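Read off the chains here:
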Amino acid sequence: METKQITIIGAGPAGLSAAIYAARAGLSTLVLGCQPKIAGDYEIDNYFGFPETISGKELIERGRAQAERFGAEIRCDRVLSIHMDEDMRFTVKTKDTEIKTCAVILATGVSRVKPGIDNLGDYEGKGVSYCVSCDGFFFRGKKVVVIGEAFFAANQALELTNYTPDITIITQGKAPTMNGDYRTMLDEASIPVLEKKVTRLEGENGLERIVFEDGETMDADGLFVAIGEASSSDFAYTLGIERKGVFLVADDKKATNIPGVFAAGDCLGGFLQISVAVGEGAVAAKSAIGYVKKECADMETT
Ligand code: FAD
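Predicted model, so just to flag it, every value in this text is computed and none were measured. (Residues numbered from 1 in each chain as written. Predicted model: local features only at pLDDT ≥ 70, side-chain atom pairs only at ≥ 80, totals over all residues. Heavy atoms only, no water.)

A few words on the sheet that holds strand β12 (residues 167-170). Overall, parallel pairing links the five strands, which are arranged β10-β17-β11-β12-β13 in an open sheet. Looking at strand neighbours, the two that pair on one side only are β10 (128-129) and β13 (193-194), the edges of this open sheet. Judged from the two bridges that link them, β10 and strand β17 (residues 222-225) form a sheet pairing that is parallel. Bridge pairing in β17 places Val128 opposite Leu223. (Pairing = 2+ DSSP bridges. Helix = DSSP H or I, 4+ residues; strand = E, 2+ residues; numbered from the N terminus.)

Pasting the structure below:
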């Protein structure tokens, strides 16, 4: 079985940032993960140090090259399980292999819950977004809809008022649960909540209108999906890792309740942004480096 001092699960901004620190500290560092969702033709406009827009694809390629320069090995493989062995080290089982490791950093991100709109994927990055903090700016003064029935949708709609006054929430036919103060705030911001279901999107070079189940249409330049997140870290639950809803729980050093297991990025929840993931990856790596030096200084790696 191959042996690594640090195994990082996830090759997104958090995992790659952690890999840069771990490999630069001279530890044998393996990153397991395939291309993250952001590694497409998405325009990143809010990441420090890039005065011109950079694509998600280029940002991730640069991060990978940087981690590899310091000796990190990055492999596209899916982790299926992690077990703690009697010697307090971990066995990480993947689709292709097994790895013995001293410390694990979980940087698996989250998946967005999708609203069941037939051709949603055709418009991702062309009007469909999952993040107001990322893309709200691109819809200044435009007509946007937010899909979701709960507080998250209300929050995203209220955040959108920084960019445009023309916002409608659509609940996909569900009864809205954003009641109380949220309903008052939505009313004050003149944001209607429609209990209707969108089934198709239309537009030539980007989103232009949405089509409801009853065949009616509504013009829209942007559609923000705000239904919620799903976990990508289920494989780690058998360790007894503490979680809150779909998110993992870690302290301010990004240590989980399991000694030797650290976590960073979207899988911890909070402000789901590249800059936060990169920062948390650095903190998790610093903690993991300290753990390895203390607990496994004599570990032979292959
Ligand atoms: P991710 O980037 O999600 O990476 C998760 C990694 O874990 C992937 O490599 C995946 O393959 C791997 N993984 C998951 N499960 C397993 C497993 N079982 N085994 C092995 N590997 C696994 N943020 C901004 O700051 N600005 C923006 O403009 C912006 N635009 C966005 C546009 C889109 C379309 C999306 C989806 C997100 C956007 N975000 C933006 C948010 C940003 O992408 C995330 O906050 C960031 O990527 C989180 O990084 P992460 O490393 O925590 O997780």
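Glancing now at the pattern of salt bridges. The full count for this structure, using the stated rule, is 18 salt bridges. A salt bridge links Arg62 to Glu58; the shortest N-O distance between them is 3.1 Å. Of this pair, Arg62 and Glu58 both sit in helix α2 (residues 56-69), four residues apart, which is roughly one turn of the helix. Looking at Arg62, the relative accessible area reads 46%, which means it is partly exposed. Taking relative accessible area as the criterion, Glu58 reaches 33% and is therefore assigned partly exposed. In this structure, the salt-bridge partner of Asp214 is Lys196, at a minimum N-O distance of 3.3 Å. Of this pair, Asp214 sits in the loop between β15 (209-212) and β16 (217-219) while Lys196 sits in the loop between β13 and β14 (198-202), and the two are 18 residues apart along the sequence. Take Lys196: its relative accessible area is 21%, and that puts it in the partly exposed class. The network of salt bridges with common partners includes Glu2, Lys4, Glu73 and Arg75. (Salt bridge = Lys/Arg side-chain N within 4 Å of Asp/Glu carboxyl O. Buried < 20%, exposed > 50% of the residue type's maximum accessible area, 1.4 Å probe, protein only.)

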